[in-house]
Amino acid sequence: MAPHAYGVVAGLLASLDRDKDCPMSASVTEAADAAAAAAAETAAQRDSKEPKLARELGNRHIQMIAIGGAIGTGLFMGSGKTISLAGPAILFVYMIIGAMLFFVMRAMGEILLSNLEYKSFGDFAGDILGPWAGFFTSWSYWFYWVVVGVADVVAITGYVQVLIPGTPLWLPALVVPTLLLALNLPTVKAFGELEFWFAIIKVVAILALIFVGGYMIATKFTSPNGSEASLANIWNDGGMFPHGAFGFVLGFQIAIFAFGGIELVGTTAAETKNPAKVMPRAINSIPVRVMLFYVGALAVIMSISPWRTLDPGSSPFIGMFTLAGLGIAAVVVNLVVLTSAASSANSGIYSTSRMIYGLAKDGNAPKQFAKLSKRKVPQNALMFSCVWMVLALVMLYSGDSVMGAFVVVTSLGSVIIISTWTMIMATYVVYRRRRPHLHEASSFKMPGSTYMPYVVLVFFALMMVALSLDAETRLGLYVAPLWFLLLGVAWRRQSKTPLQQERIIEWKAQADAEKQALTAKAAPTR
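Residues numbered from 1 in each chain as written. Predicted model: local features only at pLDDT ≥ 70, side-chain atom pairs only at ≥ 80, totals over all residues. Heavy atoms only, no water.

## Observations concerning a nonpolar patch on the surface
Judged by side-chain polarity, Trp170, Leu171, Leu174, Val175, Leu179 and Leu183 come together as a nonpolar surface patch covering roughly 500 Å² of accessible area. Looking at where Val175 falls in the secondary structure, it is placed in helix 8 (residues 170–184). Val175 sits in the partly exposed class, given a relative accessible area of 43%. (Patch = residues over 30% accessible without salt bridge, like charges linked within 9 Å, V, L, I, M, F, W, Y side chains within 5 Å. Areas by Shrake-Rupley, 256 points an atom, 1.4 Å probe, with all protein chains shown as cover. Salt bridge = Lys/Arg side-chain N within 4 Å of Asp/Glu carboxyl O. Helix = DSSP H or I, 4+ residues; strand = E, 2+ residues; numbered from the N terminus. Buried < 20%, exposed > 50% of the residue type's maximum accessible area, 1.4 Å probe, protein only.)

Here you go:
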């Protein structure tokens, strides 16, 4: 919130007092709009002399960043395990998760577009729920991508060992963060270009799998074990729910992690050209992506090979091309999956650096991280985030296998990202209640906004229960509370600083003014 918010709030209250004998609807709305305009003006004056992030990400960058975020490492590397847990019901698992997250994205999009000064969902959580929420959301999202970065480096190491047997574990774990740092330092457009081509590679690979698989189904391909490719393979062995309701619930454990990164578009708000046009287009295409890339690809895989024959410890994408006799294609898919992991790690480096940058701007991280390079890139924040990826070495040398390390790390990541999505939805509930005029004026309203936020929040609570049902994924529920406890202690200390005290007082004053405006509007007119 702007340091001059006292004047904004005072103006709002004065306007209400002057109009107490007049029809309240128009006066309150005008006062709220005036307050918002004044706040934006004072913020602009304060920041006018400071360098800002450059709006260099165009429509094609955002579209492919959104697609790349939707196609995570979990789809390529973790889908074998999810199929073994849920069987064909995994198709419904991905549909349900995709549907719930579509509403999260619409909520996020509506709030971001209500105020183009927001740099990310961490910003709007702090503005609407209070400075504590911005602190918790931004640091937790930073931590999530550190965890994901570690998981990606673990995955990359595994695939490098497949392609180049005997490669030391430490080599990819050091080379990947260094290389991605070098590629992200030039400009934000360099990140956009890199992610654009990463996403293109993933899309082409999945479309190739669907095309080749479709041909194998049409020609009734017969595998070495005698099974014939057919859509009936999906439901022939025990139906769609072979493990019952329990197996269906277990399928959500790894699948939920595959969707982490779908909210990445929300961290590009400050660096996107024409966000009011570009973001809605990217968000609205989510259902199509989920049906094609998740449901379509896995349906083809289970049609080629009966689901019980799939190895939960390896990628079914690679297995399908190998089964088709395309040996070189299997090598190419290995490279594609490696690229997917690199894409995810690249996104992680970008998002963590922007979150740290935003935290530093708000006084919640060392001020050195708020500095931009001459090319308007937060280079100190970038380097800080890359250093943490080296933690992958610990996971690689302490686990029994690469897949084992991947599952442990993803279980923690799942808990953190669910808490982040929960914060976005909780923020939306408060936003809609306290700022109804912004909701009414929005051209990108969340569908079912009166009840869907609560449906999604209940769903996230059930996901936490699902994570507790398995020993491997339960580990995340043990570790995550330690992180939240650490954040609580840090915020308790941070909130006592003069800067945060000022921000807290300003936020309370603005919240009180908004409540009074709503109360006055609801009161009967004379």
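## Concerning helix 8
In a regular helix each residue adds 1.5 Å, so 15 residues correspond to 21 Å; helix 8 covers 22 Å between its end C-alpha atoms and thus fits that length. Buried within helix 8 we find Pro172, Ala173, Val176, Pro177, Leu180, Leu181 and Asn184. The buried side chains of helix 8 occupy one side of the element, clustering within an arc of 155 degrees when seen end-on. (Expected span 1.5 Å × (residues − 1). Arc of directions from axis to C-beta.)

## Brief notes about the confidence of the model for the protein
Parts of the prediction with low pLDDT should not have their coordinates interpreted in detail. Per-residue pLDDT for the protein averages 78, and the proportion of residues at 70 or more is 81%. Within the protein, helix 1 (residues 5–18) has the poorest average pLDDT of any element, 40, and helix 20 (residues 452–467) the best, 93. (pLDDT = per-residue confidence, 0-100.)

## Some remarks on the packing of helix 12 (residues 275–284) against helix 13 (residues 286–304)
The interhelical angle for the contact between helix 12 and helix 13, taken along N-to-C directions, is 35 degrees, at an axis separation of 5 Å. Here Ala282, Ile283 and Asn284 of helix 12 come into contact with helix 13, specifically with Ile286, Pro287 and Arg289. Tallied by class, the residues present in the contact of helix 12 with helix 13 amount to four nonpolar, one polar and one charged. (Axes fitted to C-alpha atoms, helices over the stretch in contact; angles between N-to-C directions. Contact = heavy atoms within 4.5 Å. Nonpolar A, V, L, I, M, F, W, Y, C, P; charged D, E, K, R; others polar.)

## Regarding the pattern of salt bridges
Per the counting criterion, the structure on display carries six salt bridges. Here Lys119 and Asp123 are joined by a salt bridge, their closest N and O atoms 3.2 Å apart. Its relative accessible area of 17% is what places Asp123 among the buried residues. Between Asp127 and Arg435 there is a salt bridge, with its nearest N and O atoms 3.0 Å apart. Highlighted residues: Asp127 in helix 6 (residues 121–128) and Arg435 in the loop between helix 18 (402–434) and helix 19 (436–441), separated in sequence by 308 residues. A relative accessible area of 15% means that Asp127 is categorised as buried. Connected through salt bridges with shared partners, the residues Asp127, Arg434, Arg435 and Glu514 form a single ionic network.

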